[in-house]
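# Summary of the model geometry
Chain by chain, the residues:
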Amino acid sequence: MTTAAGNMTTAAVNMTTTTTAVTTAPPLSPNTTVEPLQTPVSRAECGTQQLCVAEPSVCDPSATGSCFFLAARQQSGSNFDFSISGESDGYIAATLSPDNTVGNNDTTYVCANNNSVVSFISTVLNNGELVLRELNVNSVRGRVDGRRIQCSFAATLPSATTRTTGFAISLSDGSFNPTSGVLGSPTTRFRSPVVDLTNVSATVNNEIIPTANHGITFHQSLTQALLITVGALGLAML
């Protein structure tokens, strides 16, 4: 009986060890050499194989029109495959924050238009500025088509020691000087609450209301107010 119990204990330990090995895949080795991206980024596997966020929410990065887009697919543990796409004369970037306070030394992946060729730049976003920082990123591919910048890469999530896959996602763009390598301050186009990157079926909404919508809403409200006022004055004169 003792031997059987011992065997059961050993088997349980082996099972635990195997599970731990899956969830603690080693961090990726940094290598940001950019190879050509042959296939455009698309949303074909969104909701089934990869988590996707976009602004506008239903835009397709492989089609024409403005579209800021990110897709995340888990490799193993804290290692993920990412694809990002957006329109900019300088760079596009994706920021991952472990909480809803974005910009406190948060990991940011930058794809810049360097004379019609993608340069990948590893940074952190701190107080509205991008600061160079080596990150665990490799397998980088990129392409530039007019103002559209697209890139794919593999990355080890920040704060990997806590084994968390929950992050707030921000997509932004900004200026880039190919001669000096200087990155301008980012303009945020999309920001999500904290979302589990492994939940590929999650619906992730943009917490930022586009400026254009603000303008339309304000203009429409002002017009309606003026019409009501004119109508009230007309009735008072009768």
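Residues numbered from 1 in each chain as written. Predicted model: local features only at pLDDT ≥ 70, side-chain atom pairs only at ≥ 80, totals over all residues. Heavy atoms only, no water.

## Here we look at the overall build of the protein chain
Summing up its helical and strand segments, the protein chain has two helices and twelve strands in all. Element order for the protein chain, N to C, with α for helix and β for strand: α-β-β-β-β-β-β-β-β-β-β-β-β-α. Looking at the protein chain residue by residue over its 238 residues, the buried ones come to 38%. Considering only contacts in the protein chain between residues 6 or more positions apart, those separated by 24 or more positions represent 56%. Total accessible area computed for the protein chain in this model is approximately 13100 Å², and 55% of it derives from carbon and sulfur atoms. (Helix = DSSP H or I, 4+ residues; strand = E, 2+ residues; numbered from the N terminus. Buried < 20%, exposed > 50% of the residue type's maximum accessible area, 1.4 Å probe, protein only. Contact = heavy atoms within 4.5 Å. Areas by Shrake-Rupley, 256 points an atom, 1.4 Å probe, with all protein chains shown as cover.)

## Some thoughts on the state of the cysteines
A complete count under the given rule lists three disulfides for this structure. A disulfide bridge connects C46 with C52, and the sulfur atoms are separated by 2.0 Å. Residues C46 and C52 share a disulfide whose torsion about the S-S bond is about -85°; that sign makes it left-handed. Relative accessible area serves as the criterion here: at 12%, C52 is assigned to the buried category. Across the disulfide from C59 sits C67; the S-S distance is 2.0 Å. On the sign convention where negative is left-handed, the bridge of C59 and C67, at about 65° about the S-S bond, is right-handed. According to the relative accessible area criterion, C59 is buried, its value standing at 10%. (Disulfide = S-S within 2.5 Å.)

## Examining the environment of S119
Relative to the assigned elements, S119 resides in strand 7 (residues 118-126). What S119 contacts, discounting residues up to four positions off in sequence, is V110, C111, A112 and N114.

## Considerations on the sheet that holds strand 2 (residues 51-55)
Taken in spatial order, the six strands of this open sheet run 1-9-10-4-3-2, and their pairing is mixed. The sheet is open, and its two borders are formed by strand 1 (34-36) and strand 2, each paired with just one other strand. If you compare each strand with its neighbour and ignore which way they point, the axes differ by 20° on average. In this sheet, strand 4 (residues 79-87) lies alongside strand 3 (residues 68-76) in antiparallel orientation, the contact comprising seven bridges. Considered in strand 4, the bridge of A71 is made with S83. (Pairing = 2+ DSSP bridges. Axes fitted to C-alpha atoms, helices over the stretch in contact; angles between N-to-C directions.)

## Brief notes about the packing of aromatic side chains
Think of a pair of aromatic rings as described by two things: how far the centres are apart, and how the planes are tilted against each other in angle. All told, the structure shown has six aromatic pairs when counted by the stated rule. Taken together, F80, F82, Y109, F120 and F153 form an aromatic cluster joined through their ring pairs. (Phe/Tyr/Trp six-rings, centres within 6.5 Å; stacked < 30°, edge-to-face > 60°.)

## Details of the sheet that holds strand 7
Sheet architecture is open: six strands sit in the order 8-7-6-5-11-12, paired in antiparallel fashion. Among the strands making up the open sheet, the edge pair consists of strand 8 (129-132) and strand 12 (187-196). The mean angle between the axes of side-by-side strands here comes to 30°, regardless of whether they run parallel or antiparallel. In this structure, strand 6 (residues 104-113) lies alongside strand 7, joined through nine bridges in antiparallel fashion. For D106, the partnering residue across the bridge sits in strand 7 and is L125.

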